[in-house]
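# Per-entry structural report
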Amino acid sequence: MPARASEPITVVYGAGRSQLMNLTMDGQSQLEKGNLEAAQRNLDTVIKADPTFYPAYYVRARVFLLQRKYQEAVQDFNEALRKDSTFAEAALLRARANYYLVRYSESLKEIEHVVNIRPRQDALARAYCDRAWLRLNCPDQSYRNGQQALKDATSACKLICVERRGDDRYLGDRLCRNRRLRLRGALRRESLSRQRREA
């Protein structure tokens with residue numbers, strides 16, 4: 001699945017946990033700079049100090065995703081989601097890890113869960129986009145559905161375009177139109193290859 005920009009985590013805790021949050025934010029900063037080993041060390045320290053501190057699990061799971069340690073990522077996303085089942089970003093990334101582990105059913109179920117809980121608009125747009133991508137690109141043909149992928153991509157674009165204001169709206173509309181055109185092109189190529197296989 002395509003990579004997404006990182007989501008900043010904002011959590012307010014009492015003074016006793018401020019050091020843990022600072023270490024977690026340092027880990028996220030190191031992750032964004034590409035220093036995965038240092039990020040993991042910081043996050044391991046936080047989790048060892050407080051195994052219930054779920055933001056550290058979320059950021060460490062993102063480190064594991066980039067290291068292609070998908071099973072470890074799923075375990076950490078599970079911990080984060082155990083504390084907050086509506087944590088849409090964690091659910092979408094767990095879906096991505098499950099996709100790479102060839103658990104397409106679990107991945108699709110996770111994405112549909114995010115769509116059903118109706119999270120913030122940007123997370124909902126990512127859920128539609130991820131579901132469109134899975135339905136278009138999944139190696140298992142039984143999960144492919146080009147028409148539904150186009151509907152999901154259109155829904156994602158509408159949500160993204162609604163967020164735009166002023167001059168940015170024009171740019172957002174063009175980006176959405178370009179994404180729909182690319183998706184339609186991919187659908188045509190898929191249809192042609194299916195016709196050739198059947199012939």
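Since the structure is predicted, the reported quantities are computational estimates derived from the model, not experimental observations. Every chain's residues receive numbers from 1 upward, in the order its sequence appears when written. Reporting in this predicted model follows two pLDDT cut-offs: at least 70 for local features of residues, and 80 or more for side-chain atom pairs to be given and counted; totals over whole chains, interfaces and linings ignore these cut-offs and use all residues. To get the side-chain values, all heavy atoms of the structure are used, and hydrogens and water are removed first.

## Re the overall build of the protein chain
Just so we agree on the cut-off: Segments assigned H or I by DSSP are reported as helices when at least four residues long, segments assigned E as strands when at least two residues long, and all are numbered from the N terminus. Three labels apply to residues, based on accessible area from a 1.4 Å probe with only protein chains included: buried if under 20% of the type maximum, exposed if over 50%, partly exposed otherwise in between. To be clear on the numbers: accessible area is Shrake-Rupley with a 1.4 Å probe, and residue cover counts the displayed protein chains and nothing else.
Looking only at helices and strands, the protein chain features nine helices and zero strands. Within the span of the protein chain, comprising 199 residues, buried residues form 45% of the whole. Surface summary for the protein chain: the accessible area is close to 11100 Å², and the carbon and sulfur share equals 48%.

## Thoughts on the packing of helix 5 (residues 88-100) against helix 7 (residues 121-137)
Selection criterion: To obtain an axis, a line is fitted to C-alpha atoms, over the contacting stretch when the element is a helix, and the angle between two such axes runs from 0 to 180 degrees between their N-to-C directions. Comment on the angle field: the value is read as roughly parallel under 35 degrees, roughly antiparallel over 145, roughly perpendicular from 65 to 115, and oblique elsewhere. Should the near helix be turned anticlockwise from the far one by less than a right angle, the crossing is left-handed, and should it be turned clockwise, the crossing is right-handed. Here, two residues are considered to be in contact whenever any of their heavy atoms come within 4.5 Å of each other. When residue character is reported, Ala, Val, Leu, Ile, Met, Phe, Trp, Tyr, Cys and Pro are called nonpolar, Asp, Glu, Lys and Arg charged, and the others, Gly included, polar.
Remark: helix 5 packs on helix 7, axes separated minimally by 10 Å, with the N-to-C direction vectors making an angle of 15°. In terms of their interaxial angle, helix 5 and helix 7 are classed as roughly parallel. Both helix 5 and helix 7 take part in a crossing whose hand is left-handed. Residues Ala 88, Glu 89, Leu 92, Arg 96 and Tyr 99 of helix 5 pack against Ala 123, Arg 126, Ala 127, Asp 130, Trp 133, Leu 134 and Asn 137 of helix 7. Counted by class, the contact of helix 5 with helix 7 contains seven nonpolar, one polar and four charged residues.

## Some remarks on the pattern of salt bridges
Our working rule: Here a salt bridge means any side-chain nitrogen of Lys or Arg lying within 4 Å of a carboxyl oxygen belonging to Asp or Glu.
Taken as a whole and judged by the stated rule, the model has eleven salt bridges. Residue Arg 126 is joined to Glu 89 by a salt bridge in which the shortest nitrogen-to-oxygen separation is 3.3 Å. Note that Arg 126 is positioned in helix 7 and Glu 89 in helix 5, a separation of 37 residues in sequence. According to the relative accessible area criterion, Arg 126 is buried, its value standing at 16%. Take Glu 89: its relative accessible area is 9%, and that puts it in the buried class. Overlapping salt bridges bring together Glu 89, Arg 120, Asp 122 and Arg 126 as one network.

## A short note on the environment of Asn 116
One can find Asn 116 in helix 6 (residues 104-117). Given a relative accessible area of 62%, Asn 116 falls into the exposed group. Considering only alpha carbons, one finds Asn 116 and Ala 127, eleven residues apart in sequence, at a separation of 10.0 Å.

## Examining helix 5
Keep this limit in mind: Residue count minus one, scaled by 1.5 Å, sets the expected span of a helix.
The terminal C-alpha atoms of helix 5 lie 19 Å apart, and with 13 residues this matches the ideal 18 Å at 1.5 Å per residue to within 8%. For helix 5, the tally of buried residues reaches twelve of 13 residues, placing the bulk of the element in the interior. Taken together, the buried positions of helix 5 are Ala 88, Glu 89, Ala 90, Ala 91, Leu 92, Leu 93, Arg 94, Ala 95, Arg 96, Ala 97, Asn 98 and Tyr 99. Packed against the buried residues of helix 5 are helix 3 (54-66), helix 4 (70-83), helix 6 and helix 7.

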